[in-house]
Amino acid sequence: MTRYALVDANNFYASCEKIFDPSLANTPLVVLSNNDGCIVARSAEAKALGIPMGAPMHQWQAFCDAHGVLSKSSNYTLYGDMSARMLSILQDLCPRVESYSIDESFLDLSGYADARAYGVYIRQRLQQDIKITCGVGIGDTKTLAKFANHLAKKQPEFAGVCQLHADTPARTHALMAAYPVGDVWGVGRQLSARLQADGIETVFDLARCDPLAIQQRYGIVLAKTVRELRGESCLSWEDMARPKQQIIASRSFGTTLSDPQAIKAAISHHVSRAAEKLRAQHSQCAHVYVMLRTNPFREQDRQYRRTTLVALAQASADTRTLMAAALRGLQQIFVPGLRYHKCGVMLGEIGPMNQQQQDLFAPVEDPKRLRLMSLMDRINRDQGAGTLHFASTQLSCAWHMRTDNRSPRYTTCWDELPIVYA
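Computed from a predicted structure; not experimentally measured.

Cut-offs applied
Residues numbered from 1 in each chain as written. Predicted model: local features only at pLDDT ≥ 70, side-chain atom pairs only at ≥ 80, totals over all residues. Heavy atoms only, no water. Helix = DSSP H or I, 4+ residues; strand = E, 2+ residues; numbered from the N terminus. Rg over C-alpha atoms; globule rule 2.2 N^0.38 Å. Buried < 20%, exposed > 50% of the residue type's maximum accessible area, 1.4 Å probe, protein only. Contact = heavy atoms within 4.5 Å. Core = buried A, V, L, I, M, F, W, Y, C linked by side-chain atoms within 4.5 Å. 1 Å grid on protein atoms, 1.4 Å probe; cavity = no way out; pocket = protein on both sides within 12 Å on 5 of 7 lines; lining within 4 Å. Points joined across faces, edges and corners; volume = space filled by probe spheres on them. Nonpolar A, V, L, I, M, F, W, Y, C, P; charged D, E, K, R; others polar. Salt bridge = Lys/Arg side-chain N within 4 Å of Asp/Glu carboxyl O.

Novice: When you look at the overall build of the protein in this model, what are you seeing that I'm missing?
Specialist: Tallying secondary structure elements over the protein gives 15 helices and 12 strands in all. A globule of 422 residues ought to have a C-alpha radius of gyration of about 22 Å, and the protein, at 24 Å, matches this closely. Taken over the C-alpha atoms alone, the protein extends approximately 65 × 60 × 50 Å along its principal axes. For the protein, the residues scored as buried account for 47% of the 422 residues in total. Long-range pairs, those at least 24 residues apart, make up 67% of the contacts in the protein with a sequence separation of at least 6.

Next up, the structure:
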């Protein structure tokens, strides 16, 4: 039987900030979203003060000032590098690892006689090697491993590592009965409200449901969740590794913009990021969506929001091709004189790169272009994002987001390496 473990870093963004600045060890700290808008991460101390996740920073600024809460701009370069280091350690410790998010990975612990003891060792290694504290949840299915991870973080008795044993169902059921159904992986706020209205209030209530009845009322996805809570594995390793069917890159501007050159630069940058992700999963796309909007919170401005779809003559993963399509879409929806707040692109109709329906009347894409894109990706991966870029991404820097309180990129930028004084 397969035994899954989910390793999840505690307060990952906030932890990354504290690792390189020991003076912040006991300081309440929050990390802000793009343009320092909303709170997207909180240290344990900030959580204890009752600061909610996703709260607009301007509404909590006075509270943070009064309670000594430090705010940091998002430092995605640092977080991404620390995530890669964490994943590298896990891959050394376990033969099969699937990265689920920037701070979460599933591990296959089927071959370990004492899975919990090995989970303790994994936790110790991460703390020792990169100073990241994590929770480890172990179960017979991914959903049970996810719930066990939740318990590992919530209940001190587990000391950060929880294994749900198939041979102790009474203990597992008691734990499930103590937590609301909204704590189940994949059960969002709206679905949780529907379930509670039907009398399904706890995790155990959901586990006791008939999967067929759940499928008829809520769909096959939740039915699989019920089966997983019962110990029947429905999510394979391959399910976790499936390529994305949509890739989105978007961001608010640092300030409202009317300059078409600045917006073109932003669109070009977003296409470059999305295309790199597309090639990383060995895919290509046939549609490019372009989005442009004003700030809905500035009532004094004329409100405008448009999206357009640009179809490619032939599916492609070439940044130049996708960028040309996106800029054509931008030209269609751009209205001069408006003050724009955000733009973005989405790549759609994604399929495998090695499976392409040919068009007798469309020109064949030069294979050298894809090799050039792969070379750019490798250089940017090794030397840092943006080392090689298309000129159109640098038409203007006016669109760049605000990062007034960003910490140094300690591990990836020579000019920002930590300095140790003897």
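Novice: I tried to follow the nonpolar core on my own but got confused; where do I start?
Specialist: In globular proteins that are soluble, nonpolar side chains generally tend to be buried together. In terms of nonpolar packing, the biggest core is built from 35 residues, with Ile263, Ile267, Leu322 and Leu347 touching the most fellow members. Elements that contribute at least two residues to this core include exactly β9 (247-257), α13 (260-280), β10 (283-294), β11 (305-316), α14 (319-333) and β12 (340-352). With 9 residues, the top contributor of residues to this core is α13. Among the nonpolar cores identified, the runner-up in size contains 33 residues, and Ala9, Ile130, Ile138 and Tyr410 belong to it.

Novice: Sorry, what's going on with the layout of surface pockets here?
Specialist: Remark: the empty space left among the atoms is shown by a probe the size of a water molecule rolled over them. When its volume is computed, the second largest pocket comes out at roughly 1,200 Å³. In terms of lining residues, the second largest pocket is bounded by 34 residues, among which Asp8, Ala9, Asn11, Lys47 and Lys153 are the most central. Those elements that provide at least two residues to the lining of the second largest pocket are β1 (4-9), α1 (12-19), β3 (39-42), α2 (44-48), β5 (97-101) and α6 (142-154). Its residues assigned to classes, the lining of the second largest pocket shows 14 nonpolar, 9 polar and 11 charged.

Novice: Quick question: what am I supposed to make of empty space enclosed by the protein here?
Specialist: By the definition in use, this model includes 1 cavity of 30 Å³ or more. Each pocket or cavity is described by its volume, and for the largest cavity that value is around 40 Å³. Together, Ser83, Met86, Leu87, Ser99, Ser101, Ile102, Asp103, Glu104 and Ser105 line the largest cavity. When residues of the lining of the largest cavity are traced back to their parent elements, those giving at least two are α4 (76-93), β5 and β6 (104-108). Here the lining of the largest cavity gets 3 residues from one element, more than from any other, and that element is α4. Here the lining of the largest cavity is built from residues that sort into 3 nonpolar, 4 polar and 2 charged.

Novice: Whenever I open this one, the pattern of salt bridges confuses me. Can you help?
Specialist: Pairing between side chains of opposite charge can happen when their charged atoms approach one another. All chains considered together, the criterion is met by 14 salt bridges. Between lysine 146 and glutamate 104 there is a salt bridge, and its shortest N-O distance comes to 2.3 Å. Taken as a pair, lysine 146 in helix α6 and glutamate 104 in strand β6 lie far apart in primary sequence, 42 residues in all. Between arginine 369 and aspartate 318 there is a salt bridge, with its nearest N and O atoms 2.9 Å apart. Linking arginine 369 in helix α15 (residues 367-383) with aspartate 318 in the loop between β11 and α14, this pair joins segments that are 51 residues apart in sequence. Here arginine 369 matches aspartate 318 in class, with each residue buried. Connected via shared salt-bridge partners are Arg406, Arg409 and Glu416.

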